[in-house]
Amino acid sequence: MKKYQLGEFEEIVLLTVAVLFDDAYGVSIRKEIEQKMNRKVSVSALQTALRRMESKGFLNSRFGEATAVRGGKRKRLFLVTPFGKEALEHAKDTRIKLWESIPSIAFDFGK
Amino acid sequence: MAGARNDTPPIRATKFLRWFCKHEYYEDIQGDLEEEFHYLAADSTIARAKKWYRWQIIKLFKPSMMKKVKGQQELETQNTMFKNHLKIGVRNLWKYKSGTIINTLGLALGLAAFFLIALFVKDELSYDKHHEFANQIHRVTVENFSMDGELSRHWAFASAGHAERLKEDYSAISHAVRFFLWAFPDIDYQEKKLPSQQVVFADDDVFDVFSFPFIQGNKEEAFREVFSLVLTESTAVRIFGEDWEKQNIIGETVKLTAEGNEAPFKVSGVIEDMPQQQHFQFEYLAPMRFLEGFFDEDAMNNVGGNYNWLTYVRLEPGTDVQAFEFQSKEFFNKYMGEIRGRDASEFYGFKFQPLLSIHLNSNLEGEIQPNGSLQQVYIFSIVGLLLLLVACVNYMNLATSHFSRRMKEVGVRKVIGAGQSSLLAQFLTESTLITVLSIPLAIGCVYMGLPYINSFMNKELIFSLTSNFELILSVCGLAIGVGLISGLYPALFLSRVKLLKALKGESTIKSSRWNFRNWLVTFQYVVTISLIFALLVIDGQMKFIQSSDPGYTRSQVLDLGLSRKVSNLDRLKRELLEHPNIERGSYSSRIPTGRLADNWGSQFYKADSLVPTDFRMPCIMVDEDFIPTYDITLIAGKNFEEGMDMQKDSTGYYIINRSAAAAMGYPDPVEIIGEKLAYGPYNGKNLGMGRILGVVEDFHFESLHSEIVPMVMLKTNDNLRELSLKIKAEDIQTTLEFIEGVWTQHDAENPARYQFVDELFDQQYQQEERLATMIKVFAVIAIFIGCLGLIGMVGFIIETKTKEIGIRKALGASITNILYIISNQFFILIGLAFLLALPVSYWLMNDWLLGFEYRMTISIVLILMPLFLTCLFTMITLGMQTMKAAMSNPVDSLKDE
């Protein structure tokens, strides 16, 4: 269990990186999350989550191209590792399992 | 683009980001930010974009994004190395279990002994320090001088009239307070009766001189009314019960009864219990104004004699006490004028004792409670430090041996690339580990030992982590310091060893060579030998005292202290003697084991011409039964007879001791019988000329600390304060009950106070007895630590010499040969230690013995005894371990490769 420790925000970031496959870098990830999830994300929070998951081994990164709009700075492109995928699956499975084990009566709010 | 300058992100924010952000993150994060900045600038305004950009950078300013501080990297490596050292250290401790146990135990014992002594010393030094004006408070003590200007008595108390006059006459005295201990009144509260409570009357200044914190009431109100009574917390509990704080006890009336007088007192305040570390302990305080009504004016104005008033003054800050003492010389001239044609100040003088020095330095006549002894504090401090040193030295020794086992490890580490500092760090970590282990053990020992020390030294020392925090902290610091220092030597030594040598695993400590370790062992032996020597001398002196004949019989003699209530002395004695087990009774002013303090001066006539007596000759007042009751030998003349009374008869009668006869110029006591002597004046009356009736053999009236002085016995009915009863050994309990029964018929108020003279005799040497026992315990600890060290050392030596022993045995060496090889070195060290220890300890102990006027001689046997004992202990310790090595089969040791 400990092995796949993944916070809620981390999970979202990780999923987004997977969604954006091959074009997942700071700006695009932030935009994606802000649009799809309709929540504000600061650069700081995002970068912290990314670096942390990278050190945990859920993500890999490489440098991409540099563009003028970036003032000649290169992008850092993120990619989900197989281990990251396992973590995501684990998170998903546990949730599904939990969903499945909810007795139907629990959500039957007496109508 | 027109406003190119304007649509770049804020430069300073970028610079800031570059300054703090990790180098490897900076590029892409700044790129992201800049990219979004431009999008935002296009979507809305540049100002908003700038604001956003700055805000994002501020949010990024957090540790996970920051560069490592300079040195942080290094620190992290060291942390890892430290963890490694710790792990290796723990493994090594586990591997050499016996060594670890020996080492931890030795150090813990040393630390515990040091702790205990430190607690005791700290307690002794903390007396009276809690008073706010402690440095300004002085006790007024009175000195009496004899006719020839010699100091004859020094009293802890002053006269009734001193305090007030001193305060009036000298501006340096801002406050003065007298304490008077009234005859232990009974206290009644409702149905409760508390017999003989210690009520002390004090002047109103008392709360300005001493700091007694009030729990209820305050110092301004406390003595406002004459009939006020200030309680301490524990007496409040005694009278009103545990929940006194909830009752409104201020203003409650309690009744004091004493000597037929009765008075209602109002409780006006409750102060905290007086701390143990105070040289007086009072339970109730009441205003002196009440008592003044009981004494006539003359008594209250008395400035010479009647020293019953414990007097303290608070001086203005910065008063030079010595100059002040000198100045107050005129005091007695002013109030007493001339005595026998000379200034009163030639006979009386003041001393102003600093409050803080009373407990350890005073010991005057009539001290309110027994004082401590500075000498004892010194001795204990030295012993404590020595023990700590022994434990440390022992520790260093063992650590050195222990580390030199690991030459190969050092070699391998060096090959891998460990530098000297890394090796050093490793050994230091390991050596500190043991000290860290020993601290809790030491604290446990202190907890166990403390009750014994307390009951034995009559103290209430407390050891707790909160109240002794500083002490514990300092001892922990010390222990870790010990670990570091003792690790340093082997660590430096090992880390410097040449690589090849180390890899070969050669024993680097050649046991035959003289090295630092030998000095350590020698030091240990020096302390052990000195302690054993001290122990033997103190013990010997105590035995000497016990067995020496004081010149009187002390067994089966009971001393009954008289009270003022007993009026008919003849009847009391007669009634007591009716009991078959009471053989004899004798009244006297003082009894042997007391002090010879009454000295009135004398004139001696040799064949009718006056011979000046220029020596001190104190007296005691006795009846005719004194000499037979104490079995004092009469060597010339006769004893007193019944009916003689010096004050009534025209001729006096004196019995003197041999020393007095000799001092008057009569080596043969027979010749002095019948010569004339005038003793006195006493109580204003001259006892007149009398004849010397008899001479007794010298006996030790005072303790063996002091010399036998010339003394004289007078027969009078005055001043008889003690009744000595010679009783039979059988059925002592019923005899005592009988005595108590008779006593109550004569004095129903005061309980009978009695004590056996042989107990009193032993009490004279209580301090020495305590010292002897303490030294005994600590000597045993020192020897024990030393033996532990030896076991460890010898084990190591044998280990390094297994092969040598094997080869020697194979070549035909006998067991004794091998024993000799291993142990001879130790005996050389003992010899050296003996030579070093002897002069110092001989000098110290001789100095201690000089405190006794009658003492044993230090014989050669006594000097050699410590040497012999130390050799014996060493031999036993060595023998056990060496025998095993010497008897082992050489094959086992030689095949080991």
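The shown structure was predicted, so the numbers you read here are calculated from the model rather than taken from an experiment. (Residues numbered from 1 in each chain as written. Chains lettered and ligands numbered in written order. Predicted model: local features only at pLDDT ≥ 70, side-chain atom pairs only at ≥ 80, totals over all residues.)

### Quick look at the overall build of chain B
Then, number 1: The helix and strand inventory of chain B stands at 30 helices and 27 strands.
Then, number 2: Counting every position in chain B, which comprises 897 residues, the buried fraction comes to 37%.
Then, number 3: Long-range pairs, those at least 24 residues apart, make up 82% of the contacts in chain B between residues at least 6 apart in sequence. (Helix = DSSP H or I, 4+ residues; strand = E, 2+ residues; numbered from the N terminus. Buried ≥ 20, exposed ≤ 12 C-beta atoms within 10 Å, placed from the backbone. Contact = placed C-beta atoms within 7 Å.)

### Some thoughts on the overall build of chain A
Then, number 1: From N to C terminus, chain A includes 4 helices and 2 strands.
Then, number 2: Each helix and strand of chain A, ordered N terminal to C terminal, gives the series α-α-α-β-β-α.
Then, number 3: Expressed as a percentage of its 111 residues, the buried residues of chain A come to 27%.
Then, number 4: Restricting to contacts in chain A with at least 6 residues of sequence separation, those with at least 24 account for 45%.

### Brief notes about the environment of Val43(A)
Then, number 1: Structurally, Val43(A) can be placed in helix α3 (residues 43–56).
Then, number 2: C-beta crowding within 10 Å serves as the criterion here: with 21 such atoms nearby, Val43(A) is assigned to the buried category.
Then, number 3: Measuring from C-alpha to C-alpha, the distance between Val43(A) and Arg30(A) comes to 7.6 Å, with 13 residues separating the pair along the chain.
Then, number 4: Setting aside chain neighbours within four positions, we find Val43(A) in contact with Gly26(A), Arg30(A), Asp32(B), Leu33(B), Gln56(B) and Leu60(B).

### Quick look at the interface of chain B and chain A
How big an interface is tends to be expressed through the accessible area that disappears when the partners come together.
Then, number 1: Taken together, the contacts link 18 residues of chain B with 16 residues of chain A.
Then, number 2: Going through the elements one at a time, α2 (23–43) and α3 (46–60) of chain B are the ones with two or more residues in the side of chain B that touches chain A.
Then, number 3: In terms of residue count, α2(B) provides more of the side of chain B that touches chain A than any other element does, 12 residues in total.
Then, number 4: In terms of residue class, the side of chain B that touches chain A is built from 5 nonpolar, 5 polar and 8 charged. (Nonpolar A, V, L, I, M, F, W, Y, C, P; charged D, E, K, R; others polar.)

### A word on the nonpolar core
Residue and element names in this part refer to chain B.
Then, number 1: Core analysis: the biggest nonpolar cluster contains 81 residues, and Leu111, Ala112, Phe115, Leu387, Ala391, Ile775 and Phe778 have the highest contact counts within it.
Then, number 2: For this core, the secondary-structure elements that each account for two or more residues are α5 (97–125), α15 (374–404), α17 (420–457), α18 (469–495), α20 (516–547), α26 (766–800), α28 (815–849) and α29 (860–887).
Then, number 3: Discounting residues that sit within four places of it in the chain, Leu387 has contacts with Gly110, Ala113, Phe114, Phe778, Ile781 and Ala782.
Then, number 4: With 61 residues, the next largest nonpolar core counts Phe210, Ala222, Val254 and Tyr312 among its residues. (Core = buried A, V, L, I, M, F, W, Y, C linked by C-beta atoms within 7 Å.)

### Concerning α17(B)
Then, number 1: A maximum bend of about 35 degrees is found in α17(B) at Gly449(B), where proline Pro451(B) lies one to four positions downstream.
Then, number 2: Phi for Asn458(B), located one or two positions after α17(B), is positive at around 60 degrees. (Bend = angle between axes of the 7 residues up to and from the residue.)

### Here we look at unusual backbone geometry
Then, number 1: Backbone geometry at Asp22(A) places phi at a positive 75 degrees, although glycine is not the residue there.
Then, number 2: Turning to its location among the elements, Asp22(A) is positioned in the loop between α1 (8–19) and α2 (26–36).
Then, number 3: Positive phi, normally seen in glycine, also occurs at Asp631(B), with a value near 55 degrees.
Then, number 4: Position of Asp631(B) relative to the elements: it lies in the loop between α22 (626–629) and β21 (634–637).

### Describing the pairing of strand β22 (residues 652–657) of chain B
Looking along a regular strand, one sees side chains alternate from face to face of the sheet.
All names here are of chain B.
Then, number 1: β22 sits mainly inside the fold: 6 of its 6 residues count as buried.
Then, number 2: Two strands pair when backbone bridges link them, and β22 and strand β24 (residues 689–696) are joined in this way by 6 bridges, in the parallel orientation. Note that in β24 the partner of Ile656 across the bridge is Val695.
Then, number 3: Where β22 meets strand β25 (residues 712–715), 3 bridges bridge the pair, whose relative direction is antiparallel. Along β25, the bridge assignment pairs Tyr654 with Leu714. (Pairing = 2+ DSSP bridges.)

### Regarding α29(B)
Residue and element names in this part refer to chain B.
Then, number 1: In this model α29 runs 38 Å from its N-terminal to its C-terminal C-alpha over 28 residues, within 8% of the 40 Å that 1.5 Å per residue would give.
Then, number 2: Bending of α29 peaks at approximately 35 degrees at the position of Gly879.
Then, number 3: Burial in α29 covers these residues: Pro866, Leu867, Thr870, Thr874, Thr877, Leu878, Thr882, Ala885 and Ala886.
Then, number 4: In the core, the buried residues of α29 are packed alongside α20, α26, α27 (802–810) and α28. (Expected span 1.5 Å × (residues − 1).)

### Some thoughts on the environment of Tyr312(B)
Residue and element names in this part refer to chain B.
Then, number 1: For Tyr312, the location among the structural elements is in strand β12 (residues 310–315).
Then, number 2: When the 26 C-beta atoms within 10 Å are taken as the criterion, Tyr312 is described as buried.
Then, number 3: In sequence terms Tyr312 and Val209 are 103 residues apart; their C-alpha atoms lie 7.9 Å from each other.
Then, number 4: Excluding residues that lie within four positions of it along the chain, Tyr312 makes contacts with Ile137, His138, Arg139, Val177 and Val209.

### Let's talk about the packing of α2(A) against α3(A)
Residues and elements named next belong to chain A.
Then, number 1: As a packed pair, α2 and α3 sit with axes 11 Å apart at the nearest point and diverge in direction by 110 degrees. One finds that α2 runs roughly perpendicular with respect to α3. Considering only the axes of α2 and α3, their crossing is right-handed. Contacts from Gly26, Ile29 and Arg30 of α2 reach α3 at Val43, Leu46 and Gln47.
Then, number 2: Per-class residue counts for the contact of α2 with α3 are 3 nonpolar, 2 polar and 1 charged. (Axes fitted to C-alpha atoms, helices over the stretch in contact; angles between N-to-C directions. Parallel < 35°, antiparallel > 145°, perpendicular 65-115°, else oblique. Left-handed = near helix turned anticlockwise from the far one by under 90°.)

### Here's the deal with the confidence of the model for chain B
Then, number 1: Put simply, chain B has an average pLDDT of 82, and 93% of its residues get 70 or more.
Then, number 2: The ipTM assigned to the predicted complex is 0.89, against a pTM of 0.68. (pLDDT = per-residue confidence, 0-100.)

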